[in-house]
Amino acid sequence: MSNHVSGIPGSPEESYKMMYSYLYMLKQVNPGTKTCVKLDDASKFKYLFIALGACIEGFAFMRKVIVVDATSLKNKYGGVLVFAEAQDPNGQSYPLAFAVLDSENLTSWTWFFEMLKSVIPDSSELVFMSERNQSLIFAIGSVFPEAHHGHCLWHLKEKVKWHAGNVNKVIVGHKFMELDRYYTVDDFNSAYDSFEKRYPAVYKYVQEHTEKDKWARVFFPRDRYNFDTINSVESMKSVFKEATTWALIPMLDCIVRKFSDWFTQRKEDVSRSIDTSLVPLVEKYLHGLWGVAQKLSVREINSYELKYEITDTAGKMFWASLVEKSFTCKVWDYEKFPCLHGLAAYIYFTTNVDGGLNIHELCSKYYWTELWALAYDKTLCVVPDMSSWNVPDQIKEVKIIPPDRIRRKGRKRVG
């Protein structure tokens, strides 16, 4: 991975001098791109925000869950690199925006989310997932009052397990994370009661220092789908670990190039699945359940509302309504595609009734191949070599003064 890209010298100071020219060219090759640079009163660099046009447009066809996290910059001037990303219908990271801030504090986070709001409007459908960083949480609530916020279960687990006392902390962490995976309140409460009896000290901490509606699936107020951690953005941070040591423009160019590669690869993935109605992730899931679902006992209850009684292999009964997309196991309520019981009801219906109902109609539109294709419809372009730049003089003449060098220190991790 080279840090000399687009013909731009790799010195940190040169990056600040040429920042406006680079951003101008980035917008020229990527229509609809939003960029913003904020300077302090002395005209020194403070913040930078970038949201690429293709990503902004594609988010309209995504599940409305945004994962946010930051990582320290290891270059001469420090600061933090922030990523906001979604997840495409096939379970892959989908970049929305990235930014450079001086540090993680209420002022900087508020500015970042104000910039994000300029391309992604506030909505009650919107969900943010992050660590329990108080300044970040407050900024989200202030800038996106209609949206909902969830805590990363993995980071919460890391905090919770250290209250386990003289028991295996890895097992305690695993058991805590399992609590989030239940689909009904009764099942959660039963498991939570067992957790209290087995790990009373940990239970006490969870009760006193966490909010169940921020991490437990069954209490979360909006559609969170399969999101319970920010691991996807943690992976993105890992991809750009080396780039965080570079000057700003080489780092930004590296990020844009990688995003462009992802778009190109995923366009090819879409083209290989264009004849199927559902994305490969869901197709594979349903295919894996099909053989078991075929063997379950199904009894029709209401032919008009397509309600069925399904008995599983353990003799437990469930009810499913294909019209209402409602199943008593509650899996569909959270995942938005058929569970084992819903699939059994669908197989019964298509086998015994002469009616038109396609399997993709029982899934959220966000899992449809046609929306997956639209998410990657636009091309994401890299900035050409500097030798071919055509930047107006009034932009080239504007220079940014680098920020003051700061004493190196690590990110403060928040539990």
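Each chain has its residues counted from 1, following the order in which its sequence is written. Residues qualify for local features only when their pLDDT is at least 70, as the model is predicted, and side-chain atom pairs are given and counted only at 80 or more; totals for whole chains, interfaces and linings, by contrast, use all residues. Based on all heavy atoms of the structure, the side-chain values leave hydrogens and waters out of the count.

Participant: How do you make sense of the environment of Ser123 when you look at a structure like this?
Facilitator: Positionally, Ser123 belongs in the loop between helix H4 (106-117) and strand S6 (127-130). Contact criterion: two residues are considered in contact whenever any of their non-hydrogen atoms come within 4.5 Å of each other. Contacts of Ser123, omitting those with residues within four sequence positions, involve Glu146 and Ala147. Within the local environment of Ser123, its side chain forms a polar contact with the backbone nitrogen of Glu125, the two atoms lying 3.0 Å apart. Numbering of helices and strands runs from the N terminus, with a helix taken as a DSSP run of H or I at least four residues long and a strand as a DSSP run of E at least two residues long. In protein, a polar contact means a hydrogen-donor-capable atom and an acceptor-capable atom, both N or O and within 3.5 Å, with residues adjacent in sequence counting only if both atoms are side-chain atoms; elsewhere, any N or O pair within 3.5 Å suffices.

Participant: Help me out: how do you make sense of the sheet that holds strand S11 (residues 326-327) in this one?
Facilitator: Picture the strands of a sheet paired through backbone hydrogen bonds; they go either parallel or antiparallel. By this definition, two strands are paired if DSSP reports at least two bridges between them. With respect to topology, four strands assemble into an open sheet ordered S8-S9-S10-S11, the strand pairing being antiparallel. Each edge of the open sheet is held by one strand with a lone partner, namely strand S8 (297-302) and S11. Bridge count for S8 against strand S9 (residues 307-311) is five bridges, and the pairing is antiparallel. Along S9, the bridge assignment pairs Ser297 with Thr311.

Participant: Explain the environment of Arg132 here, please?
Facilitator: Within the secondary structure, Arg132 is located in the loop between S6 and helix H5 (134-143). Each residue's exposure class comes from its accessible area (1.4 Å probe, protein chains only) as a fraction of the maximum for that residue type: buried when under 20%, exposed when over 50%, partly exposed otherwise. Look at Arg132 and you get buried, because its relative accessible area is 13%. Sequence separation between Arg132 and Gly150 is 18 residues, and the spatial gap between their C-alpha atoms is 8.9 Å. Here the side chain of Arg132 touches His209 through a polar contact of 2.6 Å, landing on its backbone oxygen.

Participant: Looking at this structure, how should I read the packing of helix H7 (residues 169-179) against helix H8 (residues 185-198)?
Facilitator: In helix packing, the relevant descriptors are the interaxial angle and the interaxial distance, both defined with respect to the helix axes. A fitted line through C-alpha atoms serves as each axis, taken over the contacting stretch for helices, and the angle formed by two N-to-C directions is quoted from 0 to 180°. In contact at an axis separation of 10 Å, H7 and H8 are set at 160° when each is read in the N-to-C sense. Classed by the angle they form, the pair H7 and H8 counts as roughly antiparallel. The crossing of H7 and H8 is left-handed. Where H7 approaches H8, its residues Val172, Lys175, Phe176 and Leu179 are matched on the opposing element by Phe188, Ala191, Tyr192 and Phe195. Three residue categories are used. Nonpolar comprises Ala, Val, Leu, Ile, Met, Phe, Trp, Tyr, Cys and Pro, charged comprises Asp, Glu, Lys and Arg, and polar comprises the others, including Gly. Considering only residue class, the contact of H7 with H8 consists of seven nonpolar, no polar and one charged. Oblique is the label for any angle not covered by the other classes, which are roughly parallel (under 35 degrees), roughly antiparallel (over 145) and roughly perpendicular (65 to 115). By the definition used in this description, the sense in which the near helix is turned from the far one sets the handedness, with an anticlockwise turn below a right angle giving left-handed and a clockwise turn giving right-handed.

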